[in-house]
Each structure stands twice: as C-alpha cells, then as structure tokens.
Amino acid sequence: MQCDFSLPPECTLRKAVPHDIWLIIFVVFRARLDPSQLRWQQFWIIECDGRLIAFGQLRKFHSAQELGSLFVAPAWRNRGLGTFLVQHLIAQATQPLYLKCLKPGLAEFYRRRGFVPVTFKDLPLSLKPKFQLSQLRKSLLKAFVLFMKYQDPG
Ligand SMILES: CC(C)(COP(=O)(O)OP(=O)(O)OC[C@H]1O[C@@H](n2cnc3c(N)ncnc32)[C@H](O)[C@@H]1OP(=O)(O)O)[C@@H](O)C(=O)NCCC(=O)NCCS
C-alpha cells in the first residue's frame, strides 16, 4: 500500500521498550481496547516531544498475526497518525494479517486501508479460539463483529 504521509517533524516512530508497557496497559484499559497480548516487544509507538501519542501492535499466533491495540491520543486524531501506524504495522507483518472489528465505522477505516471481511470459517485455526467468543456474540446477540484480513493490492 502506498504511503504518501510522513510524520510531523516533532513526532517519531519507534519500537516500544519495556518501560512503555505501563502507559500502554493504562490506556488500553481506559479506552476499553482488547487487553490480550500486552507484550511491549510487539508494540510500535509514535511519540511527540518525548510523549507517547499513539501505538499499535502485532499479536502473534501460529502462522498468523493480528493487528491490534491501535490507539491515537484524542488531540492527535484525524491527522493521519492512525493510518501511518496501520501502514507501518502492515509493512512489519511477516504472516497473514487479521483483525477483529467491533464498530461499523472502524470497519470502514480498515477497509479503506486494505483489509477485507472474512468469515469465521475462513480464519486460521490459531485465531479461532480467541475470536470464538466474538463469533458467539455475533451469531447469538447479533452484535456487530467483523473479522478482516489484509489483502495486498499488489
Ligand atoms: C481509530 C483511530 C486509531 C484512528 O486514528 P486517527 O489518527 O484519527 O486516524 P487517521 O487520522 O489516520 O484517519 C482518520 C480516519 O479515522 C476515522 N475515524 C476517526 N475516529 C473514528 C472512530 N471513533 N471510529 C471510526 N472511525 C474513526 C475517520 O473517519 C477517518 O477515516 P477516513 O480517512 O477513512 O475517512 C483513533 O480514532 C482511535 O484511537 N480511536 C480509539 C481507539 C480505537 O477505537 N482503536 C481501534 C481498535 S480496533
């Protein structure tokens, strides 16, 4: 996917280091994001003047990865940072890349960034145990749940 956006000059992208994990955990719980695999080694961070303003991670599964924990601080939203992180995580992924989306608006966000819907049946075996509960909510409670896979346009 083409990336024609560069970070503002005061912002930098870096891999997370061990001490970042406490702030990540705090934000993940406060924003009610999926709290699984909060391992600092899997996170990428954008910081501005030394302050963490955005992050995202690639969760590990057998023969698959999941893009998750995507967060941009409210004051920094709608300036391209979320897209920049998604594109970076896509570029870093070494296995087929999936995600789970619980809001229609976010599904559109990811669709525009190269992800396509897939059925539960078509998920890799290693992801099914984790996504099983969401699938139940979808089929029993008719909750909005969309599984998506990154499709390389090339
Ligand atoms: C979703 C999120 C990461 C986007 O970050 P961002 O830096 O604002 O994203 P960008 O500036 O690159 O792009 C803005 C896009 O996000 C969309 N967007 C902004 N807020 C949104 C929201 N609450 N829900 C859905 N989409 C949203 C905009 O419509 C825009 O989409 P478009 O460019 O396709 O028209 C950010 O809103 C966020 O941190 N939300 C809270 C945490 C969250 O929901 N994370 C996703 C977990 S799967």
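- The protein chain carries the name GNAT family N-acetyltransferase in an unreviewed UniProt entry, which gives Mojavia pulchra JT2-VF2 as its organism.

Description of the overall build of the protein chain
Then, number 1: What the protein chain contains, in helices and strands, is 4 helices and 7 strands.
Then, number 2: For the protein chain, the N- to C-terminal ordering of α and β elements is β-α-β-β-β-α-β-α-β-α-β.
Then, number 3: Computed over the C-alpha atoms, the radius of gyration of the protein chain is 15 Å, within 12% of the 15 Å expected from 2.2 N^0.38 for a compact globule of 154 residues.
Then, number 4: Within the span of the protein chain, comprising 154 residues, buried residues form 23% of the whole.

Quick notes on the sheet that holds strand β5 (residues 97-101)
Then, number 1: Read across the sheet, 7 strands follow the order β1-β2-β3-β4-β5-β7-β6 without closing on themselves; strand pairing throughout is mixed. Single-partner strands in this sheet number two, and they are β1 (11-15) and β6 (115-118). Taken pair by pair, the neighbouring strands of this sheet meet at an average axis angle of 30 degrees, ignoring direction.
Then, number 2: In this sheet, strand β3 (residues 51-61) lies alongside strand β2 (residues 43-48) in antiparallel orientation, the contact comprising 6 bridges. Bridging across to β3, Ile46 finds its partner in Ala54.

What to know about the site of the ligand
Then, number 1: Taken together, 18 residues lie near the ligand, and Val72, Arg77, Gly82, Thr83 and Gly105 sit nearest.
Then, number 2: Listed by contribution, the elements that provide at least two residues to the shell around the ligand are β4 (64-72), α2 (81-92) and α3 (104-111).
Then, number 3: In terms of residue class, the shell around the ligand is built from 9 nonpolar, 5 polar and 4 charged.

So, the nonpolar core
Then, number 1: One finds Ala54, Leu85 and Tyr98 to be the most contacted residues of the largest nonpolar core, which totals 26 residues.
Then, number 2: Elements with a minimum of two residues in this core: α1 (21-30), β2, β3, β4, α2, β5 and β7 (146-150).
Then, number 3: The element that contributes the greatest number of residues to this core is α2, accounting for 5 residues.
Then, number 4: Beyond its immediate stretch of four places on either side in the chain, Leu85 contacts Trp44, Ile46, Ala54, Gly56 and Leu70.

Regarding unusual backbone geometry
Then, number 1: In this structure, Ser63 is a non-glycine residue whose phi angle is positive, near 60 degrees.
Then, number 2: The residue Ser63 is located in the loop between β3 and β4 in this model.
Then, number 3: Within the chain, Ser69 stands out as a residue other than glycine whose phi angle is a positive 50 degrees.
Then, number 4: Classification of Ser69 by C-beta neighbours within 10 Å gives buried; the count is 23.

Overview of the pairing of β5
Then, number 1: Burial analysis of β5 places 4 of its 5 residues in the buried class, the great majority of the element.
Then, number 2: The sheet contact formed by β4 and β5 spans 2 bridges and is parallel. Each bridged residue has a counterpart across the sheet, and for Glu66 the counterpart in β5 is Tyr98.
Then, number 3: With 4 bridges joining them, β5 and β7 adopt antiparallel strand pairing. Looking at β7, one finds that Tyr98 is bridged to Lys149.

Calculation notes
Residues numbered from 1 in each chain as written. Predicted model: local features only at pLDDT ≥ 70, side-chain atom pairs only at ≥ 80, totals over all residues. Helix = DSSP H or I, 4+ residues; strand = E, 2+ residues; numbered from the N terminus. Rg over C-alpha atoms; globule rule 2.2 N^0.38 Å. Buried ≥ 20, exposed ≤ 12 C-beta atoms within 10 Å, placed from the backbone. Pairing = 2+ DSSP bridges. Axes fitted to C-alpha atoms, helices over the stretch in contact; angles between N-to-C directions. Near = placed C-beta within 6 Å. Nonpolar A, V, L, I, M, F, W, Y, C, P; charged D, E, K, R; others polar. Core = buried A, V, L, I, M, F, W, Y, C linked by C-beta atoms within 7 Å. Contact = placed C-beta atoms within 7 Å.

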